[in-house]
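Notes for the structure review
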Amino acid sequence: MKKPVIEFKDFNFQYNAQAKPTLKHINLTIYEGEKVLIVGPSGSGKSTLSNCINGLVPFYYEGEITGSLLINGKETKNSSIFELSNEVGTVLQDPDGQFIGLTVAEDIAFKLENDCVPQEEMKERVRKASKLVEIDNQLESAPHSLSGGQKQRVNLAGVMIGDVNILLFDEPLASLDPATGKTAIELIDELQKKTGKTIIIIEHRLEDVLHQEVDRIIVMDEGTIISDTSTEELLGQSLLKDTGIREPLYITALKYAGCRVISEMKPQRIHTLQVESCKDQLVTWYADQSKELIEEKAEVILEFDKVSFGYNPQKEILKDISFKVYKGEMLSIVGKNGAGKSTLSKLVCGFFKPTKGRILFEGKDMIEDTIKERAQKIGMVMQNPNQMISQNMIFDEVALGLRVRGIGEEEVTKRVNETLKVCGLYPFRNWPISALSFGQKKRVTIAAILVLRPEMLILDEPTAGQDFKHYTEIMEFLKGLNQQGMTIIMITHDMHLMLEYTDRAIVVSEGQKVADDLTTYILTDEETINKAYLKKTSLYELALKVGIDEPRAFVKCFIDYDRRMRL
Amino acid sequence: MSQTMLGYIKQDSPIHYLTGATKLICLLLFSFASMLTYDTRLLAIILIFSIVMFKVSKIQFKDVAFVVYFILVFLLLNNIAIFLFSPYEGVKIYGMRTDLFKLVGPYTVTVEQLFYQFNITLKYLSIIPMALLFMVATHPSEFAASLNRIGVSYKGAYAVAIALRYIPDVQRDYHDIAFAQQARGIDMSKKEKLSKRIKNITAILLPLIFSSLDRIETISCAMELRAFGNNKKRTWYSARPFKKGDYIAIGVATAFLVVAFLMMIKNGGRFYNPFL
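Residues numbered from 1 in each chain as written. Chains lettered and ligands numbered in written order. Predicted model: local features only at pLDDT ≥ 70, side-chain atom pairs only at ≥ 80, totals over all residues.

1. Concerning the overall build of chain A
Along the backbone of chain A there are 23 helices and 20 strands. By the compact-globule yardstick of 24 Å for 567 residues, chain A fits well, its C-alpha radius of gyration being 25 Å. Taking all 567 residues of chain A together, the buried fraction comes to 49%. Taking as baseline every contact in chain A between residues at least 6 positions apart, the subset at least 24 positions apart corresponds to 68%. (Helix = DSSP H or I, 4+ residues; strand = E, 2+ residues; numbered from the N terminus. Rg over C-alpha atoms; globule rule 2.2 N^0.38 Å. Buried ≥ 20, exposed ≤ 12 C-beta atoms within 10 Å, placed from the backbone. Contact = placed C-beta atoms within 7 Å.)

2. Points about the overall build of chain B
Secondary structure assignment for chain B yields 10 helices and two strands. Counting from the amino terminus, helix and strand elements in chain B follow one another as α-α-α-α-α-β-β-α-α-α-α-α. In terms of C-alpha radius of gyration, chain B reaches 24 Å, well past the compact-globule figure of 19 Å for 276 residues. Structurally, chain B occupies a C-alpha span of about 65 × 60 × 35 Å along its principal axes. In chain B, the proportion of contacts linking residues at least 24 apart, taken out of those at least 6 apart, comes to 76%.

3. Remarks on the packing of helix α2 (residues 20-36) of chain B against helix α6 (residues 111-137) of chain B
Residues and elements named next belong to chain B. As a packed pair, α2 and α6 sit with axes 10 Å apart at the nearest point and diverge in direction by 170 degrees. By the angle between their directions, the pair α2 and α6 is classed as roughly antiparallel. For the pair formed by α2 and α6, the contact residues are K23, L24, L27, F30, S31, S34 and M35 on the first element and K123, S126, I127, M130, A131, L133, F134 and A137 on the second. Residue composition of the contact of α2 with α6, by class: 10 nonpolar, three polar and two charged. (Axes fitted to C-alpha atoms, helices over the stretch in contact; angles between N-to-C directions. Parallel < 35°, antiparallel > 145°, perpendicular 65-115°, else oblique. Nonpolar A, V, L, I, M, F, W, Y, C, P; charged D, E, K, R; others polar.)

4. What about the domain arrangement of chain A?
Residue and element names in this part refer to chain A. Assigned domains of chain A: these are domain 1 (4-239), domain 2 (248-288 + 538-567) and domain 3 (300-536). Centre-to-centre, using C-alpha coordinates, domain 2 lies 32 Å away from domain 3. Residue-level contacts link nine residues of domain 2 with seven residues of domain 3. Only α22 (538-546) and α23 (551-566) provide two or more residues apiece to the side of domain 2 that touches domain 3. Ranked by residues supplied to the side of domain 2 that touches domain 3, first place goes to α23 with seven residues. Class assignment for the residues of the side of domain 2 that touches domain 3 results in four nonpolar, no polar and five charged. (Domains from an automatic or database assignment.)

5. Quick notes on the pairing of strand β10 (residues 224-229) of chain A
Residue and element names in this part refer to chain A. Summarising the sheet, strand β9 (residues 216-221) and β10 pair through five bridges and their orientation is antiparallel. Across the sheet, I218 pairs through a bridge with D228, a residue of β10. Connecting β9 to the next strand, β10, in antiparallel fashion are two residues, including E222 with a positive phi near 45 degrees. (Pairing = 2+ DSSP bridges.)

6. Thoughts on helix α9 (residues 194-225) of chain B
Since there are 3.6 residues in each turn of an α-helix, residues three or four apart along the chain are aligned in direction. Relative to the 46 Å expected for 32 residues at 1.5 Å per residue, α9 of chain B spans 46 Å between its end C-alpha atoms, a close match to the ideal helical length. Inspection of α9 of chain B places N200, A203, I204, P207, L208, I219, C221, A222, E224 and L225 of chain B among the buried residues, and these make up the whole buried set. Those residues of α9 of chain B hidden inside the fold are in contact with α1 (46-54), α2 (56-59), α3 (81-84), β6 (88-91) and α15 (394-403) of chain A together with α8 (154-183) of chain B. The positive-phi residue at the C-terminal boundary of α9 of chain B is A227 of chain B, with phi of around 70 degrees. (Expected span 1.5 Å × (residues − 1).)

7. As for the pairing of strand β3 (residues 35-39) of chain A
Residues and elements named next belong to chain A. Taking burial as the measure, the five residues of β3 include four buried ones, the bulk of the element. In this structure, β3 lies alongside strand β8 (residues 198-202), joined through four bridges in parallel fashion. From the neighbouring strand, K35 faces β8, where its bridge partner is I199. Bridge analysis of β3 against β9 gives four bridges, and the strand direction is parallel. From the neighbouring strand, V36 faces β9, where its bridge partner is R216.

8. Some words on the packing of helix α4 (residues 104-114) of chain A against helix α5 (residues 119-132) of chain A
All names here are of chain A. Taken N-terminus to C-terminus, the directions of α4 and α5 make an angle of 120 degrees; their axes are 10 Å apart at the nearest point. For the pair α4 and α5, the crossing hand works out as right-handed. Residues A105, I108, A109 and L112 of α4 touch α5, and the partners they reach there are M122, R125, V126, A129 and S130. (Left-handed = near helix turned anticlockwise from the far one by under 90°.)

9. Considering unusual backbone geometry
Residue and element names in this part refer to chain A. V57 connects to P58 through a cis peptide bond whose omega is 5 degrees. Note that P58 resides in helix α2. Residues other than glycine seldom take positive phi values, yet E134 does so here, at roughly 60 degrees. Classification of E134 by C-beta neighbours within 10 Å gives partly exposed; the count is 13.

10. What about the interface of chain A and chain B?
Taken together, the contacts link 49 residues of chain A with 41 residues of chain B. Contributions of two or more residues to the side of chain A that touches chain B are made by α3, α4, α5, α13 (341-349), α14 (371-377), α15 and α17 (438-450) of chain A. The element that contributes the greatest number of residues to the side of chain A that touches chain B is α4 of chain A, accounting for seven residues. For the side of chain A that touches chain B, the residue count by class is 27 nonpolar, 14 polar and eight charged.

11. Re the sheet that holds strand β1 (residues 4-15) of chain A
Note on sheets: strands pair through backbone hydrogen bonds, and any given pair is parallel or antiparallel. Residue and element names in this part refer to chain A. An order of β2-β1-β4-β5 is seen for the four strands of this open sheet, with the pairing classed as antiparallel. Every interior strand has two partners, whereas the edge strands, β2 (23-31) and β5 (74-75), have only one. As judged from the six bridges shared by β1 and β2, these two strands associate in the antiparallel manner. In the sheet register, F11 faces β2, and the bridge partner there is I26.

12. Remarks on the nonpolar core
Core analysis: the largest hydrophobic core is formed by 188 residues, its most contacted members being I108, A157, I200, Y250, V398, A447 and L539 of chain A. With 26 residues, the next largest nonpolar core counts L29, I128, M130 and A260 of chain B among its residues. (Core = buried A, V, L, I, M, F, W, Y, C linked by C-beta atoms within 7 Å.)

13. Considerations on the domain arrangement of chain B
By a widely used convention, the size of an interface equals the accessible area lost when the partners come together. Residues and elements named next belong to chain B. Structurally, chain B comprises domain 1 (14-147 + 240-267) and domain 2 (152-225). Summarising the inter-unit geometry, the C-alpha centres of domain 1 and domain 2 are found 34 Å apart. Contact with domain 1, which involves four residues of that partner, is made by six residues of domain 2. Residue composition of the side of domain 1 that touches domain 2, grouped by class: four nonpolar, no polar and no charged.

14. Looking at the sheet that holds β8 of chain A
Residue and element names in this part refer to chain A. On the basis of which strands lie adjacent, the open sheet formed by six strands has the order β6-β7-β8-β3-β9-β10 and mixed pairing. In this open sheet, the two strands that pair with only one neighbour each are β6 and β10. Direction aside, the axes of adjacent strands within the sheet are offset by 20 degrees on average.

15. A closer look at α6 of chain B
The terminal C-alpha atoms of α6 of chain B, which comprises 27 residues, lie 39 Å apart, in line with the 39 Å expected from a rise of 1.5 Å per residue. The sharpest bend along α6 of chain B reaches about 30 degrees and sits at I128 of chain B, with the proline P129 of chain B one to four residues further on. (Bend = angle between axes of the 7 residues up to and from the residue.)

16. Topic: the environment of A19 of chain A
Residue and element names in this part refer to chain A. Tracing the backbone through its elements, the reader meets A19 in the loop between β1 and β2. What makes A19 exposed here is the crowd of 6 C-beta atoms within 10 Å. Considered as a pair, A19 and K469 are 450 residues apart in the sequence and their alpha carbons are 24 Å apart.

17. A word on the confidence of the model for chain B
Where the model shows low pLDDT, its predicted coordinates should not be examined in detail. Confidence along chain B averages 87 in pLDDT terms, with 97% of residues attaining 70 or more. Predicted complex metrics record ipTM = 0.82 and pTM = 0.82. (pLDDT = per-residue confidence, 0-100.)

18. Things to note about the environment of L84 of chain A
Topologically, L84 of chain A is positioned in helix α3. Residue L84 of chain A is classed as buried on the basis of its C-beta count, with 24 C-beta atoms lying within 10 Å.

In structure tokens, the structure reads:
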């Protein structure tokens, strides 16, 4: 019998600021050396659950606890955040935000410093921990100068060093590109095999986590645990879909084809999946779906003509980039962090001037246009709505751009109301923005741009940090705008997003354009995938497995069908 | 983006080998010495000494030039202000009046006033190289450790260190937010009227404050989760033990302070009077 390390017994928790409990009747036991995944939509209580384990609840976020939670046999409410930090190591979501030290070594040593460990022992332990996660050659670097994957290693070393036996990961994949996310999951798995620690991962990107095996998946919804079972078992049910969590795409495809997913098929990963039994069904389903024709190209709205840019002539950030955007199109620009994607958008908006080449809008060179003039034609929406919102009320926020242009209040009211209706925010127009959810705030920022009536929208990571439900909501809204004729460019590293909602993608790597093609082609092309730190979609591999001759067409066919099914 | 001003400049020099605490203590001792005394001879020696130290540190003047010019402009303004508000301070101090030439109204330039203001200028100049050295030759991670060493509580010391470390992040946020707002047509350039520009700037400041609060929340969670604040004391990964050089440096700085005191006794006050 394994030793239980975490035991929730009829556990309830209510934040002081809230009227209703966030966690209700939680009964959950996690055993030593287990690897457990906790999934659930936003607001399901999964983050609160993890905060109970590491002690942020109730010692940092205060509230009332009833029932019991034992960690290594000790009641947490009589413990403290510091005591718990010797049992549980937490890796938070945002790798940048949690760096404390100015060098990698110091950051890793932070816990030991606070525990008054003598310097010599500290140096030795830092060396060991950094070796374990293979970051020992970067000890003197500033954590911020590292790549996304390296940052995660530093975070990991920083919690491992305290000799904790439970590791807690709060959405470890949220800010990583697909390829780095894959390595992160492999790293976690390897660590567990080496050290035998108990691992708890909270994530909603199920398919990406399942890249390596987990022992159990716990599904949360509305503050309760609604399922606690093995991966094979869970994938066979419809529970995930019902709670608004995205299943692995290949599983969805099998279900659409009418196959029953059972544990004997080993459905937890595409590589282990046995498809023999449902091969025929899948092939028949595919044959039934009519193939969609690629629409004819309309006129060009934006064109990059051999554009180069660099802060100084020796170091070019963008090199000789040319591409065209067609009117009414929805297009993705993808590439790993730091590839030059956001510089591209700053060039379009006029914050930087190209050092070489031209940017044409509707055939005219924009070089003479000021930022304000360009804002009239091209709207830019930032990733984080909190970085854009400056007013208290929704109406005022949307009206801001018009008011600074000196437009009369009557006209302002008319246009703002019009826009709010388009965005489905009209009923909330007199609400304070602080009362909105993250997804609604995002919509407010989009409305604030739309009200200026631009001809084109650029969105930076429109769905970052959103669960599947909000993701669908935002994207369907954008799709609707697109169908009304708006040209939309999305800068992203979310592969599902680009595959599902855009036909064409431009891939940027190291400041150069490496691909400009249909998204289904890009996500199935080995070379481009490697350059842009993307990952091959599991649908493609499924198609290969069942022997469909045109796997790319199969991918496209699935995406279209899936979107229709979700509406 | 431009390099951060007054950031750490890595060099291989005796000054860099000193611990952060030593540099801070020396800076304080020298500041006391040169604030105390108006003795021209001593100030001149401190000035020469600190320029030599600056040379020893191998820091290039051009790396700090901007800041130096900036300080010099203020020094000039300061001098003008002293003259405007107290044109005969020197006469009062030195008990003599030697007129050079008359300006306008009550303002006459005297030798004593010039000498007094020359001493003030010397005071500033003698301390600038030392202060700059502390800033650019102390590794940022040693700041907190050295503050803690001279008796500041480690929580306070860390607050300073974290604030310093967040400056680049907040700068980046500021640029991003300014970018987003300008792309919305909120003009911050000189083309707008000043009153409107001030109003427009709030469109950046509010989101900046909120995003900074978010950052603070994340970092304080991260710190507590790693047991920050648990004990009364903590150890420092980057702390270095005092070596011979450190004791010598502090000894020299103390000597200067002692000399400053002795000169005060000898001169019968803070001022050295060559006019007697």
